[in-house]
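Close look at the chain arrangement
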Amino acid sequence: MRVIVVGATGNVGTSVLAALEADPEVTSIVGVARRLPGAMGGKTVFRAADISTDDLVEIFAGADVVIHLAWLFQPMRNPILTWRNNVIGGIRVFNAVAEAGVPALVYASSVGAYSPGGLVDETWPTHGWPGAPYGREKAYLERVLDVFERDHSDVRVVRMRPGFIFKREAATQQRRLFVGPLAPRPGRIPLVPDIPGLKLQILHTDDAAQAYRLAATKPVRGAFNIASEPVLDMPMVAELLDARLVPVPAGLARIAVSAAWRLRLIPTMPGMLDIALHIPVMDTSRAREELGWTPAHDSQEAILAFLKGLREGAGMDTAPLKPETGLEGRAREMATGIGSRP
């Protein structure tokens, strides 16, 4: 089995490669990324390509499945650039799958594609939350896939909708993407804000990777919600971290995030907090029953792995996951504009 992984050097991509490497059914893997990693080997070869501009048909030719993971979270201050990469690039990936005659496509959607709701399964509407590019882009690609499936019924399409995905080695990248260079390297976390309505469905990246592997290698179609138990609220997070819980109204939290965003102190726009406050809780029964997916880590273990990575400045030898480089690296983040570049 020949598998193409688009977006192979990030948080999820590196773990998907490892999961595929360990699967005896998979004999050949092509990792596609804009910037090649430092290490190569095993069943995997890498190809450098930008999904928004480069020819993908030649890369996809002869593949049994394409797993599309590539996504730019930043720069949120330049939604035209993220739209060009995420939406136009995603459409180019889908079209190349059809043109190259690839029989299966596994696409990384998100809990962020869902409309607000309570406890939902995969049939819940995916119109996103319009206040941030991330929600608009994920929802738009869901509609693109609706048309793609209608026009290419011979292609097996799987939409993966995971919650928040963490691992130790991705901690520095996530700090850069969502908190920025002014965040201190954490020791013990003394305070946790208790924001009403904020609930998080989390999973370890290695568990997400196993779900993608199963979606690629099993004859399944449609959408799958992916998350570990338990669903975390802020009191549970505070107990996990042995921290003090501080009540913070949602409106005040948004004002604080908005002020930090406007002052260019953080790279994350307030609309991302709105998404977190409005997303539903996903029922993951289908993934467990039809994919045969069982996470090896609970949501608390995933959070602790992330925090361990933050303390250690962890990373990997890829451009997205490069480890903490100290004051010089953070100064470079400041100089190039917080939230202004990929």
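To keep things clear, this report deals only with the structure shown in the data block. (Residues numbered from 1 in each chain as written. Predicted model: local features only at pLDDT ≥ 70, side-chain atom pairs only at ≥ 80, totals over all residues. Heavy atoms only, no water.)

Overview of the packing of helix α5 (residues 171–178) against helix α11 (residues 299–312)
- α11 packs onto α5 with a crossing angle of 85° between their chain directions and a minimal axis gap of 8 Å. Classified by the angle their axes make, α5 and α11 are roughly perpendicular. Residues A171, Q174 and R175 of α5 touch α11, and the partners they reach there are F306, G309 and L310.
- Residue classes in the contact of α5 with α11 are distributed as three nonpolar, two polar and one charged. (Axes fitted to C-alpha atoms, helices over the stretch in contact; angles between N-to-C directions. Helix = DSSP H or I, 4+ residues; strand = E, 2+ residues; numbered from the N terminus. Parallel < 35°, antiparallel > 145°, perpendicular 65-115°, else oblique. Contact = heavy atoms within 4.5 Å. Nonpolar A, V, L, I, M, F, W, Y, C, P; charged D, E, K, R; others polar.)

With respect to the pattern of salt bridges
- Going through the model one piece at a time under the given rule, you end up with 17 salt bridges.
- Note that E142 and R159 form a salt bridge whose closest N and O atoms lie 2.7 Å from each other. A residue pair is termed long-range when its members are at least 10 positions apart, and E142 in helix α4 (residues 133–151) and R159 in strand β7 (residues 156–162) qualify at 17 residues.
- With a closest N to O distance of 3.1 Å, R175 and E324 form a salt bridge. Note that R175 is positioned in helix α5 and E324 in the loop between α11 and α12 (326–335), a separation of 149 residues in sequence.
- It is possible to trace a salt-bridge network through shared partners that takes in E142, R143, D146, E149, R159 and R161. (Salt bridge = Lys/Arg side-chain N within 4 Å of Asp/Glu carboxyl O.)

Describing the sheet that holds strand β2 (residues 28–33)
- Spatial strand order, β3-β2-β1-β4-β5-β7-β12: seven strands in an open sheet with parallel pairing. Across the chains shown, the open sheet's two edge strands, defined by having one partner strand only, are β3 (44–48) and β12 (222–226). On average, each strand axis in the sheet is inclined to that of its neighbour by 20°, with strand direction left out of account.
- Sitting on the sheet, helix α3 (residues 79–100) touches β1 (2–6), β4 (65–68) and β5 (104–108), and the angle it makes with β4 is about 175°. (Pairing = 2+ DSSP bridges.)

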